[in-house]
Amino acid sequence: MAAVGNESPNKSTEDKTSARRQNEVNKKLKYISLAILVIQNASLILSIRYVRTLPGEHFFTTSAVVMAEVLKVFTCLVIILIQKRGNVKTFVSLLYDSIVVQYSDTLKLAVPSLIYTLQNNLQYVAISNLPAATFQVTYQLKILTTALFSVLMLRKSLSKIQWISLVLLFAGVAIVQVEQESGKQKEALTGTNQNYVKGLVSVIVSCLSSGFAGVYFEKILKGSSASVWMRNIQLGIFGTLLGLLGMWWNDGAAISEKGFLFGYTPLVWGVIFNQAFGGLLVAVVVKYADNILKGFATSFSIIVSTITSVYLFGFHVDLIFTLGAGLVIGAVYMYSLPKPNTSTSSTSTPSSSHSNGRDSELDAFLPKSVLVK
């Protein structure tokens, strides 16, 4: 009996030590997740802006979108093959069952894939014609469009703080646009043959498509048991085919003359790899990041993009831009705060944890991570 009595306190101490270590590991993973999210968010936009503003002939953005989709599908195929311990027969059987046999599920992804392909092309157009910091701030309108589509299509409810944050978000973006429209930035863009209005329209349409696609995607995939990697393969198949169609329609003659890989420098390859693998990396990392951390990462990446743009592109930051960007940063953080629902927290925990799991999984599909949702 004495031995049993001594064993219990020892076990309790070991459990506490193990829990403490696990908490420390989780804390480190959160900080690592934050760093990865910020770097991925800021670096993709800055790198696209840089390669699109270099002197000389540029690569075809439509071919870059297709190449990113191909690399993403290939990577997901390799991951699934590894998960199946290299068993090719099981691997092929899984692909055949998920893509061909369950063709109705596969076809459901045609609509969001079409929208994401359009969005990826529009992001290149927008970043090519807008300063990186302006794009980063304006692109946060996707939070507003996603929220509105969620309310309309999924009947979701928003807290008062979230509604206030959406108003602040819109106000912040509007202030930035007024400042850009009347300030030195437009003059600088005109001098470099860039079209501010074209870039602005592209980013607004991209935000609308992002909001609709994300909500539509969530609606059609409720109850689905397919893995993140399989869904990315299904999306990538449609994305590649639709991307090739768009490439032929927009740049077919020029590509047939100059070649698919025309203008592909090491920097361009870096952009494509970031676009292809960045989204998958975020999909893995995002499960360690709660909504507050993701909101903070988005806000911090705006600051990083703005500061880098000053030194890299000669971007001019004045008081009005700072005010507008500050409102957007604050709104993003406010929107990510948890709902004050203490009265039902004990009963809603299972469903909310399931919802968070679904949100984290959906992040894996969102448009190849120009920004974290």
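This structure is a prediction, so every number in the text was calculated from the model and none was measured.

So, the packing of helix H5 (residues 110–129) against helix H10 (residues 196–220)
Any two packed helices are characterised by the angle at which their axes cross and by the distance between the axes.
1) Next: Interaxial distance between H5 and H10 falls to 8 Å at its minimum, and their mutual angle equals 155°. As far as their axial angle goes, H10 and H5 are roughly antiparallel. Both H5 and H10 take part in a crossing whose hand is left-handed.
2) Next: Each residue belonging to the contact of H5 with H10 can be placed in one class, and the counts come to 15 nonpolar, nine polar and one charged.

Structural notes on the pattern of salt bridges
1) Next: Overall, the coordinates contain three salt bridges when judged by the stated rule.
2) Next: Put simply, Lys-108 and Asp-105 hold a salt bridge, and the shortest N to O gap is 3.6 Å. Taken together, the residues Lys-108 and Asp-105, both in helix H4 (residues 103–108) and three residues apart, mark about one turn of the helix.

Some thoughts on the UniProt feature "transmembrane region" (unreviewed entry) in the chain
1) Next: Taking the numbering used here, the UniProt-annotated feature "transmembrane region" (unreviewed entry) corresponds to residues 31–51, 63–82, 161–179, 199–217, 229–249, 261–286, 293–313 and 319–337.
2) Next: Along residues 31–51 the backbone is 100% helical and 0% strand, and the end-to-end C-alpha distance reaches 30 Å.
3) Next: The span residues 229–249 shows a helical share of 100% and a strand share of 0%, and its end C-alpha atoms are spaced 30 Å apart.

A look at the nonpolar core
Grouped burial of nonpolar side chains is what soluble globular proteins tend to show.
1) Next: Ranked by internal contacts, the top residues of the largest apolar core, which has 47 residues, are Phe-135, Val-137, Val-203 and Ile-272.
2) Next: Those residues in contact with Ile-272 that lie beyond four places of it in its chain are Ala-64, Met-67, Ala-68, Leu-71 and Tyr-264.
3) Next: Counting ten residues, the second largest nonpolar core, distinct from the first, contains Ile-80, Phe-91, Val-228 and Leu-280.

Let's talk about the packing of H5 against helix H11 (residues 228–258)
1) Next: The N-to-C vectors of H5 and H11 enclose an angle of 50°; their axes lie 9 Å apart at closest approach. In terms of orientation, H5 lies oblique with respect to H11. Of the two possible hands of crossing, H5 and H11 adopt the one that is right-handed. Counting all contacts with H5, which are made through Ala-110, Pro-112, Ser-113, Leu-114, Tyr-116 and Thr-117, the residues of H11 involved are Leu-235, Phe-238, Gly-239, Leu-242 and Gly-243.
2) Next: Among the residues making up the contact of H5 with H11, the classes are represented as seven nonpolar, four polar and no charged.

Focus on helix H14 (residues 319–336)
1) Next: Between the first and last C-alpha of H14 there are 26 Å, a value that for 18 residues agrees with the 26 Å anticipated at 1.5 Å per step.
2) Next: Among the residues of H14, those classed as buried are Phe-321, Gly-324, Ala-325, Val-328, Ile-329, Ala-331, Val-332 and Ser-336. Taken around the axis of H14, the buried residues stretch over an arc of 160°, which confines them to a single face.
3) Next: The backbone nitrogen of Ile-320 lies 3.3 Å from a side-chain oxygen of the residue at the head of H14, namely Asp-318.

Some details on the packing of aromatic side chains
1) Next: Following the criterion strictly, the structure yields eleven aromatic pairs and no others.
2) Next: Ring centres 5.7 Å apart and planes at 20° place the aromatic pair Phe-212 and Tyr-216 in the stacked group. Residue Phe-212 and its partner Tyr-216 are both found in helix H10; the two are separated by four residues, about one turn of the helix.
3) Next: Their ring planes at 75° and their centres at 5.1 Å tell us that Tyr-264 and Trp-269 sit as a pair that is edge-to-face.
4) Next: Accessibility expressed as a relative area gives 12% for Tyr-264, which makes it buried.
5) Next: In this structure Trp-269 comes out as partly exposed when scored by relative accessible area, which is 27%.
6) Next: Here a set of aromatic residues connected by ring pairs shows up, and it is made of Phe-59, Tyr-124, Tyr-264, Trp-269, Phe-273 and Phe-277.
7) Next: Above the face of the Phe-59 ring, Arg-52 is positioned so that its terminal group lies 5.2 Å from the ring centre.

Structural notes on unusual backbone geometry
1) Next: One non-glycine residue, Arg-85, lies in the positive phi region at around 55°.
2) Next: Mapped onto the elements, Arg-85 comes out in the loop between helix H2 (61–83) and helix H3 (88–101).
3) Next: A relative accessible area of 80% means that Arg-85 is categorised as exposed.

What counts, and where the lines are drawn
Residues numbered from 1 in each chain as written. Predicted model: local features only at pLDDT ≥ 70, side-chain atom pairs only at ≥ 80, totals over all residues. Heavy atoms only, no water. Axes fitted to C-alpha atoms, helices over the stretch in contact; angles between N-to-C directions. Helix = DSSP H or I, 4+ residues; strand = E, 2+ residues; numbered from the N terminus. Parallel < 35°, antiparallel > 145°, perpendicular 65-115°, else oblique. Left-handed = near helix turned anticlockwise from the far one by under 90°. Nonpolar A, V, L, I, M, F, W, Y, C, P; charged D, E, K, R; others polar. Salt bridge = Lys/Arg side-chain N within 4 Å of Asp/Glu carboxyl O. UniProt positions renumbered as here; feature names shortened; annotations may be inferred. Core = buried A, V, L, I, M, F, W, Y, C linked by side-chain atoms within 4.5 Å. Buried < 20%, exposed > 50% of the residue type's maximum accessible area, 1.4 Å probe, protein only. Contact = heavy atoms within 4.5 Å. Expected span 1.5 Å × (residues − 1). Arc of directions from axis to C-beta. Polar contact = N/O pair within 3.5 Å; in protein donor to acceptor, adjacent residues only side chain to side chain. Phe/Tyr/Trp six-rings, centres within 6.5 Å; stacked < 30°, edge-to-face > 60°. Lys NZ or Arg CZ within 6 Å of the ring centre and 35° of its normal.

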